[in-house]
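Structure at a glance
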Amino acid sequence: MTDLMEELPGKNSMSRNVEGNIQNLNIKLSLVESLLQEGDFQQALAEIRDLENQKVIDRFSVEEGELSYFGALALDKLGKLNEALQKAQKAYNILRNTGKNERLAQVQHILGI
């Protein structure tokens, strides 16, 4: 039984892992935002899809709302308007109940609201 206990991660190690994942997610979101600001929409979209495929973001979280907004912006700039509207609507549905008013306004701009 003690061998099994030694193999299980401790509470502190699990806490560090969760914090590390959150930190990595924030870094990745910052990278996507900077790619969008630089006008590298194709690379930003690739990073967004990578994050979506990794499923590291909780459903209906603020982070998912922001990622959906970033996706909508990249798709809009690449001329993929139907996909952009779908992503923007998803972002709007998530962010409308949060305090992210500036981001919500940016989503509404894409939606034409």
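To start, this report covers the structure provided alongside it. (Residues numbered from 1 in each chain as written. Predicted model: local features only at pLDDT ≥ 70, side-chain atom pairs only at ≥ 80, totals over all residues. Heavy atoms only, no water.)

With respect to the nonpolar core
Nonpolar side chains tend to gather and get buried jointly when the protein is soluble and globular. Formed by 26 residues in total, the largest nonpolar core has its most connected members in Leu-36, Tyr-69, Phe-70 and Val-107. Of all the secondary-structure elements, those providing two or more residues to this core are helix H2 (11-38), helix H3 (41-54), helix H4 (62-77), helix H5 (81-95) and helix H6 (101-111). When residues in this core are grouped by element, the largest group, seven residues, is from H4. (Core = buried A, V, L, I, M, F, W, Y, C linked by side-chain atoms within 4.5 Å. Buried < 20%, exposed > 50% of the residue type's maximum accessible area, 1.4 Å probe, protein only. Helix = DSSP H or I, 4+ residues; strand = E, 2+ residues; numbered from the N terminus.)

Thoughts on H5
For H5, built from 15 residues, the straight-helix expectation of 21 Å at 1.5 Å per residue is met to within 8% by its first-to-last C-alpha distance of 20 Å. Those residues of H5 not exposed but buried are Ala-84, Lys-87, Ala-88, Ala-91, Tyr-92, Ile-94 and Leu-95. Across the axial projection of H5, the buried residues extend over an arc of 165°, all falling on one side. Across from the buried face of H5, at angles greater than 90 degrees, the exposed residues are Asn-82 and Gln-86. Of the surrounding elements, those touching the buried residues of H5 are H3, H4 and H6. (Expected span 1.5 Å × (residues − 1). Arc of directions from axis to C-beta. Contact = heavy atoms within 4.5 Å.)

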